[in-house]
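Working through the structure, step by step
For reference, the chains in residue letters:
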Amino acid sequence: MPDEPSSQFTHFFGKLEPKQKYGQTLALAPIALAVLSGCHGPQSALNPAGKGSAPIVDLTVWLTIGAAIVWFSVIGFAVYAIRLNPSAHNRRRARRLIIGGGAVVPTIVLTVMLSYGLSMMPEQLAPAPDGSQRIHVSGEQWWWRFEYELPSGEFVETANEIWLPLDEPVEFLLNSPDVIHSFWIPSLGRKLDMLPGTETRLALHPLKEGYYRGVCAEFCGESHSLMAFDVKVVPRRDFDAWLERQRSDAVIRSLEQEGARTFTRNGCGACHTVRGTFADGSIGPDLTHFGSRESIGAGLFKNRKDNLEGWLRKTDTLKPGVNMPHYAMLSNAEIGAIADYLLSLK
Ligand code: CUA
């Protein structure tokens, strides 16, 4: 299950709050909070769960250590120079300090770091082996279109949520119809730009079962920060079962006929597809199995009836610039019927 973003903050506030006497510690709380809240959770690059992500964490740690060495050296030299008896200053000593702190130490550290970073490139850039599960991803404003390529050549489309088979390589084929986005699942590996008019390829290999969160890592418009997606890494058996469910058409229960009619009557099918019905639009996310998804609005809210009703009434305020108009003109009964219908699409 996804962590509510607030729960991480509550967690750390809870630890820091009562210790009034440590005034200074508290003053540092916002900084510590910002740093620590990035260390765990489903969207942390410091919580590696893929083959490519552990070396990136190591690199981050070593870069931080390297930066610390340079910083402490420079500050050390500065303090030394300040505390030195002014009469002891002389040209030779000053030159030694400047060359040592300003050139020698940074050059050694940066050369080591650069070599280390470059040595990781072949593994990070290696293409996915033949036979990997291929997933075509299109970055939309502001959501994600996913198409699983089956061995038969058939495509299964879904949106804003992907499942991946545990301990198997996956190849993402990335593109965008209009602006540049960047595809990133921080816990699983590196990020890669999604460029209009060209296809970029990213190989990932998840190693830990669990729930993760992907994001867009390139500013792509006013709701850039509001396009996320859910990622579930599951054993092969569960993955196959999920993909087979996604492949099938929607099943509409008799109870939901009224909601389905309201959906059609208001033109929702012009933008959205619900396979097995007349709704076959391709501008917005495919909703065939909407009810099975973790979140709505591309990672914006948990997929619950009250959230969905709010979303239908206020799409434009909840996600500025979104193409989907709001449906605040509909009655509560109509909104409720559409929500029930969509949530029944498992
Ligand atoms: Cu898409 Cu930022």
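The subject of this paragraph is the overall build of the protein. Of the regular secondary structure elements, the protein holds 10 helices and 12 strands. Residue burial in the protein is summarised as follows: out of 346 residues, 42% are buried. Across the protein, every contact between residues at least 6 apart in sequence was considered, and the portion connecting residues at least 24 apart equals 62%. Approximately 18,600 Å² of the protein is accessible, and the part contributed by carbon and sulfur atoms is 61%.

Let us look at the nonpolar core. In terms of nonpolar packing, the biggest core is built from 33 residues, with Leu164, Phe172, Phe183 and Ile185 touching the most fellow members. The element contributing the most residues to this core is strand β10 (residues 228-234), with four residues. Aside from chain neighbours lying at most four places away, what touches Ile185 is Ile162, Phe172, Leu204, Tyr212, Arg213, Gly214, Phe229 and Val231.

What follows deals with the packing of aromatic side chains. Counting across every chain of the model gives 11 aromatic pairs. Residues Tyr148 and Trp242 carry aromatic rings whose centres are separated by 5.3 Å and whose planes lie at 65 degrees to one another, so their mutual orientation is edge-to-face. Of this pair, Tyr148 sits in strand β2 (residues 143-149) while Trp242 is found in helix α7 (residues 236-247), placing the two residues 94 residues apart along the sequence. The two residues Tyr148 and Trp242 agree in class, both being buried.

The pLDDT averaged across the protein works out to 88; a share of 88% of its residues lies at or above 70. Residue range residues 1-22 is modelled with pLDDT below 50. Its contacts to residues more than four positions away, or to other chains, number 26 contacts.

This brings us to helix α8 (residues 257-265). For α8, the full list of buried residues reads Gly259, Ala260, Thr262 and Phe263. For α8, the angular spread of buried residues about the axis comes to 160 degrees, placing them on one side. Opposite the buried face of α8, at more than 90 degrees from it, the exposed residues are Thr264 and Arg265. On its buried face, α8 sits against α10 (332-344).

One open sheet holds the five strands; their spatial order is β4-β10-β9-β6-β7, and the pairing between them is mixed. The open sheet terminates on both sides in strands that have one partner only, identified here as β4 (161-165) and β7 (192-194). On average, adjacent strands in this sheet sit at an angle of 30 degrees to one another, irrespective of strand direction. The sheet contact formed by strand β9 (residues 210-216) and β10 spans six bridges and is antiparallel. Paired with Val215 across the strands is Ala228, a residue of β10.

For the rest of this paragraph, the subject is the pairing of β2. The buried count for β2 comes to five of seven residues, which makes it a mostly enclosed element. Pairing geometry for strand β1 (residues 133-140) and β2, over seven bridges, is antiparallel. Bridging from a neighbouring strand, Arg134 pairs with Glu149 of β2. Where β1 folds back on β2, the antiparallel hairpin that results is connected by two residues. Two elements, β2 and strand β3 (residues 155-159), share five bridges in a ladder whose sense is antiparallel. In the sheet register, Phe146 faces β3, and the bridge partner there is Thr158. The hairpin turn running from β2 into β3, its antiparallel successor, is five residues long, and Gly153 in that turn takes a positive phi close to 95 degrees.

Glancing now at the packing of helix α4 (residues 53-83) against helix α5 (residues 91-119). Interaxial distance between α4 and α5 falls to 10 Å at its minimum, and their mutual angle equals 180 degrees. The orientation of α4 with respect to α5, classified from their angle, is roughly antiparallel. Contacts between α4 and α5 involve Asp58, Leu59, Trp62, Leu63, Gly66, Ile69, Val70, Ser73, Val74, Phe77, Tyr80 and Ala81 on the former and, on the latter, Arg93, Leu97, Gly100, Gly101, Val105, Pro106, Val109, Met113, Tyr116 and Gly117. Residues that form the contact of α4 with α5 fall into these classes: 15 nonpolar, five polar and two charged.

With that out of the way, let us pick up a nonpolar patch on the surface. On the surface, Ile98, Ile99, Val104, Ile108 and Val112 cluster together into a nonpolar patch covering about 460 Å² of accessible area. Tracing the sequence through the fold places Ile108 in helix α5.

Taken in spatial order, the five strands make up an open sheet running β3-β2-β1-β5-β8, and their pairing is mixed. A strand with exactly one partner marks an edge of an open sheet, and here the two such strands are β3 and β8 (200-204). Ignoring strand direction, the axes of neighbouring strands in this sheet form an average angle of 25 degrees. The strands that α7 touches are β1, β2 and β3; relative to β3, the one it contacts most, it runs at about 90 degrees.

Next up on the list: the side chain of His205. Along the chain, His205 turns up in the loop between β8 and β9. By relative accessible area, which is 12% here, His205 ends up buried. Looking at His205, its side chain comes within polar contact range of the side chain of Asp167, at 2.8 Å. In this structure, His205 is in contact with Gly50, Lys51, Asp167, Glu168 and Pro169, ignoring residues within four places of it in sequence.

Cut-off values and rules
- Residues numbered from 1 in each chain as written.
- Predicted model: local features only at pLDDT ≥ 70, side-chain atom pairs only at ≥ 80, totals over all residues.
- Heavy atoms only, no water.
- Helix = DSSP H or I, 4+ residues; strand = E, 2+ residues; numbered from the N terminus.
- Buried < 20%, exposed > 50% of the residue type's maximum accessible area, 1.4 Å probe, protein only.
- Contact = heavy atoms within 4.5 Å.
- Areas by Shrake-Rupley, 256 points an atom, 1.4 Å probe, with all protein chains shown as cover.
- Core = buried A, V, L, I, M, F, W, Y, C linked by side-chain atoms within 4.5 Å.
- Phe/Tyr/Trp six-rings, centres within 6.5 Å; stacked < 30°, edge-to-face > 60°.
- pLDDT = per-residue confidence, 0-100.
- Arc of directions from axis to C-beta.
- Pairing = 2+ DSSP bridges.
- Axes fitted to C-alpha atoms, helices over the stretch in contact; angles between N-to-C directions.
- Parallel < 35°, antiparallel > 145°, perpendicular 65-115°, else oblique.
- Nonpolar A, V, L, I, M, F, W, Y, C, P; charged D, E, K, R; others polar.
- Patch = residues over 30% accessible without salt bridge, like charges linked within 9 Å, V, L, I, M, F, W, Y side chains within 5 Å.
- Salt bridge = Lys/Arg side-chain N within 4 Å of Asp/Glu carboxyl O.
- Polar contact = N/O pair within 3.5 Å; in protein donor to acceptor, adjacent residues only side chain to side chain.

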